[in-house]
Amino acid sequence: MIRRLAGELRRRWLLARAPAGPRRDFLAAPWPPGGLPCAAARYLALDLETTGGDPQQHEIVSLGWVCLDGPRIDLGSARRRIVRIAGAMSAESATVHAITDDEAAAGVPLDAALRELLAALAGRVLIAHYAPTERGFVDAACRRLLGGGIAIPAIDTLDIARRLMPPGQAPAPGSLRLGTLRRHYGLPRYPAHDALSDALAAAELFLAQLGAAPRPPTLAEWLA
């Protein structure tokens, strides 16, 4: 409950200072009520592929997202956008996400991808596996391109995995990875490090976790 209240207050503070534009339009949508059952909320599962782990130094290479209305995944909403990055793609980065310099050069400007994402995300709760990455990179991009930071309600499937463990049990090494958790729930294996397939993988994992919860959770209980 405290996380939702703090997030909603930050949203209002940012909205009061935001100029007209896509960032203000996003911030104008209130966060969903904390007492809303998770099974009844609206979501957008997001994954980002980046050139590194620091939002202040590294760039977004691609974005993938898909919307959920309650427990229904809307595959028609699925989007994958490759971004035209400013710097060169490192060999290590290209190896991880298999996006070449030529593909990145033909991508869309980050500004355009960000505007499209914010329009789809407005009024929804973000789902991501280790949400600080997605929140951090989107916030940094908004600060660089749209005039200020952002406040996004989020459910982190990695955090939920920890919460669903028996009390006092520490996670085994590697057990909280997206692919490992999907195998735990009997979900199919998808290609890793593709933004859209990872977003869909996180959406399905969230629904599996929702079904495994000891009782139906509310948004306030599961928000990161």
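Since the structure is predicted, the reported quantities are computational estimates derived from the model, not experimental observations.

Trainee: Please provide a residue-by-residue account of the nonpolar core, values included.
Mentor: Counting residues in each nonpolar core, the largest one holds 51 residues, and the members touching the most others are Tyr-43, Val-138 and Ile-155. The residues contacting Val-138, other than those within four sequence positions of it, are Leu-46, Leu-48, Leu-114, Leu-117, Ile-150 and Ile-152. Grouped together as the second largest cluster of nonpolar side chains are seven residues, Leu-176, Leu-178, Ala-201 and Leu-205 included.

Trainee: Quick rundown of empty space enclosed by the protein? Include the residues and the values.
Mentor: Counted under the stated rule, the structure contains one cavity of 30 Å³ or more. As a volume, the largest cavity reaches approximately 60 Å³. Lining the largest cavity, in full, are Arg-11, Phe-26, Ala-29, Pro-30, Trp-31, Pro-32, Leu-121, Ala-122, Gly-123, Arg-124, Ala-151 and Pro-153. Class assignment for the residues of the lining of the largest cavity results in nine nonpolar, one polar and two charged.

Trainee: Hey, could you go over helix H9 (residues 195-212) for me, with residue numbers and the actual values?
Mentor: For H9, spanning 18 residues, the distance from its first C-alpha to its last is 26 Å, which sits close to the expected 26 Å at 1.5 Å a residue. Most of H9 is tucked away: 14 of the 18 residues are buried. The backbone nitrogen of Leu-196 has a side-chain oxygen 3.1 Å away, supplied by the residue at the start of H9, namely Asp-194.

Trainee: Lay out the sheet that holds strand E4 (residues 125-128) with the relevant residues and their values.
Mentor: The five strands are arranged E3-E2-E1-E4-E5 in an open sheet whose pairing can be described as mixed. In this open sheet, the two strands that pair with only one neighbour each are strand E3 (72-82) and strand E5 (154-156). Averaged over all pairs of adjacent strands, the angle between their axes in this sheet comes to 25°, without regard to strand direction. Judged from the three bridges that link them, strand E1 (residues 42-50) and E4 form a sheet pairing that is parallel. Bridge pairing in E4 links Ala-45 to Ile-127. With respect to the sheet, helix H5 (residues 110-121) is in contact with E1, strand E2 (60-69), E3 and E4, its orientation differing from that of E2 by roughly 15°.

Analysis parameters
- Residues numbered from 1 in each chain as written.
- Predicted model: local features only at pLDDT ≥ 70, side-chain atom pairs only at ≥ 80, totals over all residues.
- Heavy atoms only, no water.
- Core = buried A, V, L, I, M, F, W, Y, C linked by side-chain atoms within 4.5 Å.
- Buried < 20%, exposed > 50% of the residue type's maximum accessible area, 1.4 Å probe, protein only.
- Contact = heavy atoms within 4.5 Å.
- 1 Å grid on protein atoms, 1.4 Å probe; cavity = no way out; pocket = protein on both sides within 12 Å on 5 of 7 lines; lining within 4 Å.
- Points joined across faces, edges and corners; volume = space filled by probe spheres on them.
- Nonpolar A, V, L, I, M, F, W, Y, C, P; charged D, E, K, R; others polar.
- Helix = DSSP H or I, 4+ residues; strand = E, 2+ residues; numbered from the N terminus.
- Expected span 1.5 Å × (residues − 1).
- Polar contact = N/O pair within 3.5 Å; in protein donor to acceptor, adjacent residues only side chain to side chain.
- Pairing = 2+ DSSP bridges.
- Axes fitted to C-alpha atoms, helices over the stretch in contact; angles between N-to-C directions.

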